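# Summary of structural features
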Amino acid sequence: MLSIDASLVGRLIAAQFPEWADLPIRPVEFDGWDNRTFHLGRHMTVRLPSAAPYALQVEKEQRWLPILAPRLPLPIPVPLAVGRAGEGYPWPWSVYEWREGEIATHAPVADLSAFAATLARFLVALREIDATDGPAPGQHNFFRGGPLAVYDAETRRALVALEGRIDTDAARAVWEAALAATWHGAPVWFHGDVSSGNLLVENGRLSAVIDFGTSGVGDPSCDLSVAWTFFHGESREAFRAALPLDKATWARGRGWTLWKALIVLAELPGTDRLEVEKSRRVIEAVLADHERHG
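Now for a quick tour of the structure. Keep in mind the model is a prediction, meaning the values are calculated, not measured. (Residues numbered from 1 in each chain as written. Predicted model: local features only at pLDDT ≥ 70, side-chain atom pairs only at ≥ 80, totals over all residues. Heavy atoms only, no water.)

## Focus: the sheet that holds strand E3 (residues 44-49)
If you trace the 5 strands from one edge of the open sheet to the other, you get E1-E2-E3-E5-E4, paired in antiparallel fashion. Edge strands, defined here as strands with exactly one partner in the open sheet, are strand E1 (25-27) and strand E4 (79-83). Between one strand axis and the next, the sheet turns by 25 degrees as a mean value, whatever way the strands run. Note: E4 against strand E5 (residues 93-97), 4 bridges, orientation antiparallel. By the bridge assignment, valine 82 is partnered in E5 with serine 94. The sheet contacts of helix H1 (residues 6-16) involve E1, strand E2 (35-40), E3, E4 and E5, and relative to E3 the element is tilted by about 105 degrees. (Pairing = 2+ DSSP bridges. Helix = DSSP H or I, 4+ residues; strand = E, 2+ residues; numbered from the N terminus. Axes fitted to C-alpha atoms, helices over the stretch in contact; angles between N-to-C directions. Contact = heavy atoms within 4.5 Å.)

This is the structure we're talking about:
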């Protein structure tokens, strides 16, 4: 990882966008992993990919977000400018409008079932947008939207590592069911990382969806992970009811969710207790959901 700080951002802005050189720069309160994000003045943000794989997402977002935005029922990021490598930073980067709101990870939600239904309607609208020439699964989004088989070996290694710590027989059954539920539909738009950290809340309601770095066109089942990572009980069922998807798509959605939770649980013990505990809860929720709906 590069050292990406406000000083670097200031140098990049001064060299490439001198009209903004006098604006204050400070890190956002809650940052992500793929990008380092900074406030630029009061109304803009600067996003710099934190590693080479994430840099592939810059051009995609710059091209497609303005096309998607008018067709969606909630705001999404608005790109204002694209920066180039410089000042010791090796990749392209972006300037966006600042979007008000607090991420759902930390914000109080007034009615989680209504929140889930609103999100589902957003995803339905996203899938209805013409996917012609949209970005197919690949390195730019770590093959989200493609066949789950790309992560088969990794998942099976995690299952072996977790023997005795979780119900690996049940988890293996969920994974096998997901692999067997082959996607046969036409490619559609998907977000790729529908998580609480990418959902903004204002006045207790879903107000915007951000971070389309892993978006693309293909199988939309990867967008279902939020059903088990954020929703539960009535809100999970409200999310399910508002999405016109077949059982096979939900099976693949459980597969995407299980893959990520398994590798976190297998790889992070002793390093990130909160993430490990969350992954264990997600695995339990996925297994129970498979038992109920599979």
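## A look at the side chain of aspartate 223
Locating aspartate 223 in the fold gives a position in the loop between strand E10 (216-218) and helix H6 (226-229). One buried charged residue, aspartate 223, forms no salt bridge at all, with the nearest opposite charge on arginine 127 at 4.4 Å. Filtering out sequence-adjacent residues up to four positions away, aspartate 223 remains in contact with Leu123, Arg127, Phe190, His191, Gly192, Asp193, Val194 and Phe239. (Buried < 20%, exposed > 50% of the residue type's maximum accessible area, 1.4 Å probe, protein only. Lys, Arg positive; Asp, Glu negative; His and termini not counted. Salt bridge = Lys/Arg side-chain N within 4 Å of Asp/Glu carboxyl O.)

## Examining the environment of glycine 197
Along the chain, glycine 197 falls in the loop between strand E7 (188-190) and strand E8 (199-202). By relative accessible area, which is 27% here, glycine 197 ends up partly exposed. Spatially, the C-alpha atom of glycine 197 lies 8.7 Å from that of isoleucine 210, the residues being 13 residues apart in sequence. What glycine 197 contacts, discounting residues up to four positions off in sequence, is Ile103, Thr105 and Ile210.

## Looking at the packing of aromatic side chains
Per the counting criterion, the structure on display carries 14 aromatic pairs. For the pair phenylalanine 17 and tryptophan 93, a centre-to-centre distance of 5.7 Å together with 90 degrees between the ring planes defines the contact as edge-to-face. Of this pair, phenylalanine 17 sits in the loop between H1 and E1 while tryptophan 93 sits in strand E5; the two residues are 76 residues apart in sequence, bridging distant segments of the chain. Residue phenylalanine 17 shares its accessibility class with tryptophan 93, and that shared class is buried. Relative to tryptophan 250, the ring of tryptophan 228 lies with its centre 5.9 Å away and its plane at 85 degrees, an arrangement referred to as edge-to-face. Of this pair, tryptophan 228 sits in helix H6 while tryptophan 250 sits in helix H8 (residues 247-267), placing them 22 residues apart in sequence. Here the basic side chain of arginine 36 rests over the ring of tryptophan 33, its NZ or CZ set 6.0 Å away from the ring centre. The positively charged end of arginine 240 is found above the aromatic ring belonging to tryptophan 250, 4.4 Å away from the centroid. (Phe/Tyr/Trp six-rings, centres within 6.5 Å; stacked < 30°, edge-to-face > 60°. Lys NZ or Arg CZ within 6 Å of the ring centre and 35° of its normal.)

## What about unusual backbone geometry?
Here the phi dihedral of glutamate 87 falls at roughly 55 degrees; this positive angle occurs in a residue that is not glycine. Classification of glutamate 87 as partly exposed rests on a relative accessible area of 39%. Phi angles above zero are rare outside glycine, and aspartate 211 is one such case at about 60 degrees. Following the sequence through the fold, aspartate 211 ends up in the loop between strand E9 (205-209) and E10.

## Some details on the pairing of E9
Summarising burial for E9: 4 of the 5 residues are buried, a large majority. Here E8 pairs with E9 via 4 bridges, running antiparallel. If you follow glutamate 202 over to E9, its bridge partner there is arginine 205. Here E8 folds back onto E9, and the loop between the two strands holds 2 residues, one of which, asparagine 203, carries a positive phi near 50 degrees.

## Comments concerning the sheet that holds strand E6 (residues 102-103)
The strand order across the open sheet built from 3 strands is E6-E8-E9, with neighbouring strands paired in antiparallel fashion. Both outer strands of the open sheet, E6 and E9, are each paired with one neighbouring strand and no more. Along the sheet face, helix H3 (residues 112-127) touches E8 and E9 and points at about 30 degrees away from the line of E9.

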